Structure formats: C-alpha cells, structure tokens
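Each chain, written out:
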Amino acid sequence: MEQGLLAKYISVAMAATLKFFAGPVAGFALGLNWIETAVCSVAGMMCTVLVVSYVGGKLKSLIGSRRKKPVRRFSRTSRMAVRIWLRFGIVGIAFLTPLLFTPPGGSVLALAFRVPKPQVITWMLISGTIWGLLFSFLIHKLAFLQAMFA
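Sequence order as written defines the numbering, with residues in each chain counted from 1. Per-residue local features of the predicted model are confined to residues with pLDDT of at least 70, and side-chain atom pairs are confined, for both listing and counting, to 80 or more; whole-chain, interface and lining totals are unaffected and use all residues. The basis for every side-chain value is the complete set of heavy atoms in the structure, and neither hydrogens nor water enter the calculation.

Draft legend 1. Inspection of the environment of Ala-29 at higher detail. Numbering of helices and strands starts at the N terminus; helices are DSSP runs of H or I of at least 4 residues and strands are runs of E of at least 2. Turning to its location among the elements, Ala-29 is positioned in helix H2 (residues 22-29). Along the chain, Ala-29 and Lys-8 lie 21 residues apart, while their C-alpha atoms are 9.9 Å from each other.

Draft legend 2. The packing of aromatic side chains, seen in detail. In this scheme Phe, Tyr and Trp rings, the latter by its six-membered ring, pair at centre separations within 6.5 Å, and the angle between planes marks the pair as stacked below 30 degrees, edge-to-face above 60, and tilted otherwise. Overall, the coordinates contain six aromatic pairs when judged by the stated rule. Aromatic side chains Trp-34 and Phe-137 sit 5.1 Å apart centroid to centroid with 75° between the ring planes, which places their arrangement in the edge-to-face category. Pair noted here: Trp-34 is in helix H3 (residues 34-66) and Phe-137 is in helix H6 (residues 117-141), with a separation of 103 residues, a long-range link. Accessible area is worked out with a 1.4 Å probe on protein chains only. A residue is then buried under 20% of its type maximum, exposed over 50%, and partly exposed in between. Given a relative accessible area of 35%, Phe-137 falls into the partly exposed group. Note on Trp-85 and Phe-113: the rings are 4.6 Å apart at their centroids and 0° apart in plane angle, and the pair reads as stacked. Within this pair, whereas Trp-85 is found in helix H4 (residues 76-101), its partner Phe-113 is found in the loop between helix H5 (103-112) and H6, the two being separated by 28 residues in sequence.

Draft legend 3. Quick peek at the packing of H4 against H6. Only the stretch in contact is used when fitting a helix axis, every axis being a line fitted to C-alpha atoms; angles between N-to-C directions are given from 0 to 180 degrees. Where H4 contacts H6, the two axes come as close as 8 Å, and the packing angle between them is 40°. When the axes of H4 and H6 are compared, the pair comes out oblique. In this structure, H4 crosses over H6, and the sense of that crossing is right-handed. Residues Ile-90, Val-91, Ala-94, Phe-95, Thr-97, Pro-98 and Leu-99 of H4 touch H6, and the partners they reach there are Gln-119, Val-120, Trp-123, Met-124, Ser-127, Trp-131 and Phe-135. Throughout, the term roughly parallel applies to angles under 35 degrees, roughly antiparallel to angles over 145, roughly perpendicular to angles from 65 to 115, and oblique to all others. For a crossing to be left-handed, the near helix must be turned anticlockwise from the far one by less than a right angle; the clockwise case is right-handed. Throughout, a contact is declared for two residues whenever any of their heavy atoms are within 4.5 Å.

Draft legend 4. Broad picture of the side chain of Ser-53. Relative to the helices and strands, Ser-53 is located in helix H3. By relative accessible area, which is 3% here, Ser-53 ends up buried. From its side chain, Ser-53 meets the backbone oxygen of Val-49 in a polar contact 2.7 Å long. The contact partners of Ser-53, leaving out residues within four places of it in the chain, are Leu-111, Lys-117, Val-120 and Ile-121. In protein, a polar contact means a hydrogen-donor-capable atom and an acceptor-capable atom, both N or O and within 3.5 Å, with residues adjacent in sequence counting only if both atoms are side-chain atoms; elsewhere, any N or O pair within 3.5 Å suffices.

Draft legend 5. Examining H5 more closely. For H5, the full list of buried residues reads Pro-103, Gly-106, Ser-107, Leu-109 and Ala-110. Within H5, the buried residues cover an arc of 165° as seen down the axis, which keeps them to one side. Arg-114 lies just past H5 and shows a positive phi near 60°. Note: the arc covers the axis-to-C-beta directions of the helix.

Draft legend 6. Looking closely at the nonpolar core. With 21 residues, the main nonpolar core has Val-49, Ile-93, Phe-101, Val-120 and Met-124 as its most contacted residues. Elements with a minimum of two residues in this core: H3, H4, H5 and H6. Counting residues per element, this core draws most heavily on H4, at seven residues. If we skip the residues at most four places from it in the chain, Val-120 touches Val-49, Ser-53, Ile-90, Ala-110, Leu-111 and Val-115. Take the buried residues of types Ala, Val, Leu, Ile, Met, Phe, Trp, Tyr and Cys, join any two whose side-chain atoms come within 4.5 Å, and each joined set is a nonpolar core. Counting residues in each nonpolar core, the second largest holds five residues, with Tyr-9, Val-12, Ala-26 and Cys-40 among its members.

In structure tokens:
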C-alpha cells in the first residue's frame, strides 16, 4: 500500500472520530471509493468508542476532580437522551450516535446508563457500519450531493 493512500485512510478515520459524518465527507473529498470511505469511517468511530469505553472512567474522575462548578443534570440534551434510553435502550443510543450524539458523546452516554462495555462496542459497531455504508454511498452516488461537496 502506498503512503499516500494510507494517509488518506487515516485522515478519514480521524475525521470520523469526533463527528461521524465528517468521515464520509472526507473520504469523498480525498477521492476514496465509497466502501473504503465507509470502512475508514467505521474504524475511526470504533477507535473512539474503544478509547472512551476503556479509558472513560479514569478520564471522568480526572475531569470531575478538577471541575469548579457542578454539572447540570437536566439539560435539554440529557432529557432527550433519557427519553431515547427509556424507549429504545442501548440500541436507540447506538443507532442515533452517528446522527445526534457523536462517537464520544454516544459512548459516554451508553456507559453513563451502565451498559456493559461489550454491548456498547457491539451495538456501536453495528450502528456505525450501517450509517457508514449509508452515508458513504449517498455522498458518493447522489449527484446533487456531489455538487454540494465538490
């Protein structure tokens, strides 16, 4: 594999670590095909999910010890997340992570509801794969989207 292609793959994965939709957009902009884009986007999201799942507890306690003001418990976002959790559980949180919560946010949210890590990882992988394939295909194949992002 040439270095330029590897750099493109890493760029798409890095874009998807914080905002999932950025991965497919970056893949299109870098000239990757839609399958490569989807795979790299899912890889980026899953890197974030794994890091948050296994380092998140330590990070939470570190941030909590340095925080000056207490965290607001009832924000508009937290209420929405609780409604989704009560209706759909981890499947709903995972399904909406690429759309609403971002990979780090969805992972933290799932862990806050005390979902076991293997379930978080499994459902995030399923959700990321579905959304990655869908977003990548749409961005690469639909003409009006190509004109918008080109």
